[in-house]
Amino acid sequence: MMTFAELKKGMSARIVEVPTVGDDHRRLMEMGLVKNTEFRVIKVAPLGDPIEIDLRGYRLCLRKQEMTGFGVEVF
Amino acid sequence: MASKSSKRIAFVGNPNAGKTTLFNSLTGSRQKVGNYAGVTVERVSALRRVGSFECEFIDVPGLYSLTPASEDEAVAVKVLEEETDLIVCVIDASNLERNLYLYSQIAELWRPVVIALTMTDRVEQAGSTLKIDRLRRLLGCPVIPMVGHKEKGVKELLAAIESALTTPTEPTLLSDIGALRDLQVELARRGYDHSIGALRKEVLNEQSTMIVPFVEIQPIWDKAREATENASFADPAARYAWTAQVQRESIVQTSPKKAVSLTDKIDKVLTHRFFGLIVFVAVMYCVFFSIYKLSQPFMDAIETAFGWLGATIGPRLEGVPVLQSFVVDGIIAGVGGVVVFLPQILILFFFIAMLEGTGYLARSAFLMDRLLGWCGLNGRAFIPLLSSFACAIPGVMAARVMPDPKARLATILVAPLMSCSARLPVYMLIIGTFIEPQYGAFWAGFALFAMHLLGLFVAIPVVFVLNRGILKGKRLPFMLELPPYQMPRWKDVFLGMLNRGKVFLTTAGTTIVVMSIIIWAASYFPRKTDTGLPENEAAVAQLEYSVMGRVGKAVEPAFAPLGFDWRISTAILSAFPARETVAPSLGILFSLGSGDEAEAKLGSKIREAKWPDGRQLFTLPTSIGLMVFFALCAQCLSTLAVVRRETNSRKWPLFMFCYMTVFAYIGAWLVQIIGRSFVP
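From a predicted model like this one, the values you see are computed outputs, not experimental measurements.

Draft legend 1. How the structure looks around the side chain of Gln31(B). All names here are of chain B. Its location among the elements puts Gln-31 in the loop between helix H1 (19–27) and strand E2 (32–35). Of note is the side chain of Gln-31, whose polar atom sits 3.1 Å from the side chain of Thr-27. Polar side-chain contacts of Gln-31 include one of 3.2 Å to the side chain of Asn-499. Residue contacts for Gln-31: discarding those within four places in its chain leaves Phe-23, Asn-24, Val-44, Ser-45, Ala-46, Leu-495, Asn-499 and Lys-502.

Given below as structure tokens:
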């Protein structure tokens with residue numbers, strides 16, 4: 001299992017662990033970042049963060065350091 | 001506001017789903033922009049007839065979910081839960097899986113729902129086929145496919161709205177709300193009407209007293225509570241399992257998918273780690289250079305028109321000097337001073353609408369996030385901050401889109417440091433008078449660009465200090481959607497500009513005209529009579545004798561280190577309520593001072609202005625210092641009032657006013673000191 005911080009451009013990954021629901025993570029899940037969601041890392045912003053991912057057919061930008069609590073598995 | 005008998009129709013959807021485009025197609029120029037009671041979120045609505053129904057269409061701010069994460073969303077949710085007869089849910093067909101998440105919650109509000117399915121052309125371009133009938137069956141409500149740019153589907157949507165108002169259909173529900181509906185029916189029987197959304201919150205509230213008068217339905221209440229606590233709607237994963245299923249069943253890939261989409265090709269350059277930043281700076285420079293150059297002829301025309309108006313009306317009132325001066329120098333000059341802003345505001349909002357409409361605004365937030373993020377803001381602050389370059393008022397209000405309260409407050413507190421369009425007249429006046437003639441158009445553009453960057457650079461340490469020491473609370477995770485690129489529709493761009501222009505003229509404009517008249521009165525009264533001086537000198541003597549001149553003189557020593565004389569300090573003082581008034585008041589101060597006011601323009605007047613000992617008043621350091629002072633100073637009562645409302649405290653606007661004024665003074669003083677060491 002890896003964290004978001006370890007992801008590189010072009011990687012495909014699956015969410016295998018989500019944080020226990022708290023207010024700040026609820027919105028991430030409502031954007032579709034739930035367990036077993038597959039996504040692809042499209043791009044890393046010029047200064048290293050945020051990253052752009054493709055999930056459920058749309059593009060979302062997230063900060064790597066803020067994705068603590070999420071576990072991913074690269075495939 | 002619509003009458004009681006009219007139907008309220010709320011348009012709701014994810015951000016970027018094409019909701020505003022659809023709303024504009026349906027309502028056009030009938031739109032009214034107001035505010036929700038008690039909060040400052042804009043309420044865009046329009047009245048129109050649908051078949052035999054008189055309707056009020058309401059454009060609800062974009063939402064990702066009905067669990068509000070910001071005040072903006074809380075207002076939108078309240079509108080949906082409490083004041084709608086029908087909900088038009090705008091769903092992006094090319095992003096069905098995520099868009100249906102919101103729908104799954106909306107269905108549970110138990111209102112009639114009509115789905116406007118936008119961007120159907122995008123699905124076809126991607127080589128897929130939409131099975132509309134299947135989607136209708138799965139969702140249990142009318143689904144109208146739309147092709148946004150061609151206004152296709154609008155007629156069908158209106159027909160669907162009419163028939164849903166006549167005979168409402170029941171949407172398919174993801175989770176069982178039967179127990180809640182039983183409770184709703186029982187309460188309604190006892191004369192209490194509550195929405196499903198409101199009841200859902202109420203049964204989960206342990207302190208609720210709603211049921212106390214009705215002991216007999218306690219079992220129904222308990223059942224509703226139990227069902228609500230166990231319901232799958234609390235779990236986003238269950239909803240997404242459902243939306244993914246609907247997506248699979250209703251969209252079929254019919255031809256091979258393109259390997260690389262057009263958006264990806266464009267993003268290869270625009271979000272590139274090197275070229276992306278170059279393009280970003282170039283785009284921003286073009287925007288501000290265009291504002292400077294394109295607005296010039298319009299502003300000249302407006303000034304000429306108002307000058308002509310004054311020269312035409314003035315002589316007819318010669319018999320009554322007070323009235324003549326009031327009309328020409330007070331009213332006509334004041335209104336002219338408002339209208340002259342319109343070209344800049346419209347051009348800037350044209351660019352903002354273009355950046356937003358194409359999808360580039362989101363890319364800029366992606367590029368800028370790290371830059372703004374390290375000091376505690378985020379890329380999303382770029383939007384309120386960019387808006388603040390037009391006016392801090394919408395900018396401060398736009399900060400509501402930031403779900404993180406701490407970053408939001410920090411953004412609000414620095415937004416007025418961004419150089420708003422009301423500062424432009426001062427820059428234009430000084431750059432046009434002292435920089436462009438001597439140093440040429442390139443340096444004029446550069447000076448304007450630098451003045452706009454100044455506030456941004458000052459904002460960074462301010463936010464840093466705010467986040468480290470002053471503001472408390474935790475940060476929410478950052479989320480930003482990058483929508484596919486598209487051509488904005490001219491109608492949307494135009495309506496956006498029109499609404500901004502209207503809001504400016506009606507709110508800011510009124511304040512400015514009133515202030516202009518007050519300034520005129522302060523410089524006209526009390527009258528000094530029978531001086532026996534020639535006309536020019538009598539005018540100067542009158543101004544010095546007036547209320548404004550006395551106050552300006554009194555504070556002159558405080559401004560002396562900045563190289564400002566009593567006329568400049570008077571103009572600065574008069575600009576504290578609204579900095580827009582500085583150009584008109586400088587006009588009054590200087591054209592009265594040297595007489596011959598009708599013909600000469602303000603630029604040549606201030607170029608010739610002298611200290612009493614004959615030194616030139618506007619040296620280069622003084623001119624630049626004056627611009628710096630205006631760039632940093634909190635001279636806008638309306639902004640302070642909006643901040644007071646948005647932060648719900650008196651402390652923050654007061655804090656803002658103090659720190660900005662101190663910065664402005666120090667900034668102008670530093671320019672004077674550094675400037676003098678170069679130009680002795």
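Draft legend 2. A look at the interface of chain B and chain A. Facing 43 residues of chain B, the contacting portion of chain A comprises 28 residues. Between chain B and chain A the total buried area reaches about 3200 Å² when both faces are included, carbon and sulfur atoms providing 56% of it. Three residues stand out in chain B for area buried against chain A, namely Phe366(B), Arg370(B) and Met479(B), and they jointly supply 21% of the buried area on that side. Applying the counting rule to chain B against chain A returns three salt bridges. In this assembly, chain B and chain A are joined by 16 residue pairs in polar contact (both at pLDDT 80 or more). Secondary structure elements with two or more residues in the side of chain B that touches chain A: helix H3 (96–107), helix H10 (236–250), helix H11 (262–270), helix H15 (360–373) and strand E10 (479–481) of chain B. Sort the elements by how many residues they give to the side of chain B that touches chain A and H15(B) lands first, with six residues. Looking at side-chain class alone, the side of chain B that touches chain A contains 21 nonpolar, 10 polar and 12 charged residues.

Draft legend 3. Fine view of the packing of aromatic side chains. All names here are of chain B. Across all of its chains, the model carries 24 aromatic pairs over all chains by this definition. Relative to Tyr-240, the ring of Tyr-101 lies with its centre 4.8 Å away and its plane at 20 degrees, an arrangement referred to as stacked. With Tyr-101 in helix H3 and Tyr-240 in helix H10, this residue pair connects regions lying 139 residues apart in the sequence. In terms of burial, Tyr-101 and Tyr-240 fall into one category: buried. Counting every residue linked through ring pairs, the aromatic cluster contains Phe-559, Phe-564, Phe-629, Phe-630 and Tyr-665. If you follow Arg-363 out to its NZ or CZ, it ends over the ring of Tyr-485, 4.1 Å from the centre. The ring of Trp-566 carries Lys-553 above its face, with NZ or CZ at 5.3 Å from the centroid.

Draft legend 4. Just the environment of Phe341(B), in detail. In this fold, Phe341(B) is placed in the loop between helix H13 (321–339) and helix H14 (342–358). Residues Phe341(B) and Gly509(B), 168 residues apart in the sequence, show an inter-C-alpha distance of 9.6 Å.

Draft legend 5. Up close: the pairing of strand E1 (residues 7–13) of chain B. Residues and elements named next belong to chain B. Most of E1 is tucked away, with five of its seven residues classed as buried. Bridge analysis of E1 against strand E5 (residues 86–92) gives five bridges, and the strand direction is parallel. For Ala-10, the partnering residue across the bridge sits in E5 and is Ile-87.

Draft legend 6. Spotlight on the sheet that holds strand E1 (residues 12–17) of chain A. A sheet is described by the order of its strands in space; here six strands give the open sequence E5(A)-E1(A)-E2(A)-E3(A)-E4(A)-E10(B), paired in antiparallel fashion. At either margin of the open sheet sits one strand with a lone partner, and together these are strand E5 (71–74) of chain A together with E10 of chain B. Averaged over neighbouring strand pairs, the angle between their axes works out to 35 degrees when direction is ignored. Sheet topology places strand E4 (residues 58–62) of chain A next to E10(B); three bridges connect them, and they run antiparallel. Across the sheet, the residue bridging to Cys61(A) is Leu480(B), located in E10(B).

Draft legend 7. Quick peek at unusual backbone geometry. Following Asp49(A), the chain continues into Pro50(A) via a peptide bond in cis, with omega recorded as 0 degrees. Of note, the bond from Phe525(B) into Pro526(B) is cis; its omega dihedral lies within 30 degrees of zero at -10 degrees. The residue Pro526(B) is located in the loop between helix H21 (490–524) and helix H22 (535–545) in this model. Of note in this structure, Asn36(A) is not a glycine but carries a positive phi near 75 degrees. With respect to the helices and strands, Asn36(A) occurs in the loop between helix H1 (23–30) and strand E2 (38–44). The exposed category is assigned to Asn36(A), whose relative accessible area is 56%. Look at Arg56(A): it is not a glycine, yet its phi comes out positive at around 50 degrees. Position of Arg56(A) among the secondary structure elements: in the loop between strand E3 (51–55) and E4.

Reading the values: rules and limits
Residues numbered from 1 in each chain as written. Chains lettered and ligands numbered in written order. Predicted model: local features only at pLDDT ≥ 70, side-chain atom pairs only at ≥ 80, totals over all residues. Heavy atoms only, no water. Helix = DSSP H or I, 4+ residues; strand = E, 2+ residues; numbered from the N terminus. Polar contact = N/O pair within 3.5 Å; in protein donor to acceptor, adjacent residues only side chain to side chain. Contact = heavy atoms within 4.5 Å. Buried area = accessible area lost by both parts, 1.4 Å probe. Salt bridge = Lys/Arg side-chain N within 4 Å of Asp/Glu carboxyl O. Nonpolar A, V, L, I, M, F, W, Y, C, P; charged D, E, K, R; others polar. Phe/Tyr/Trp six-rings, centres within 6.5 Å; stacked < 30°, edge-to-face > 60°. Buried < 20%, exposed > 50% of the residue type's maximum accessible area, 1.4 Å probe, protein only. Lys NZ or Arg CZ within 6 Å of the ring centre and 35° of its normal. Pairing = 2+ DSSP bridges. Axes fitted to C-alpha atoms, helices over the stretch in contact; angles between N-to-C directions.

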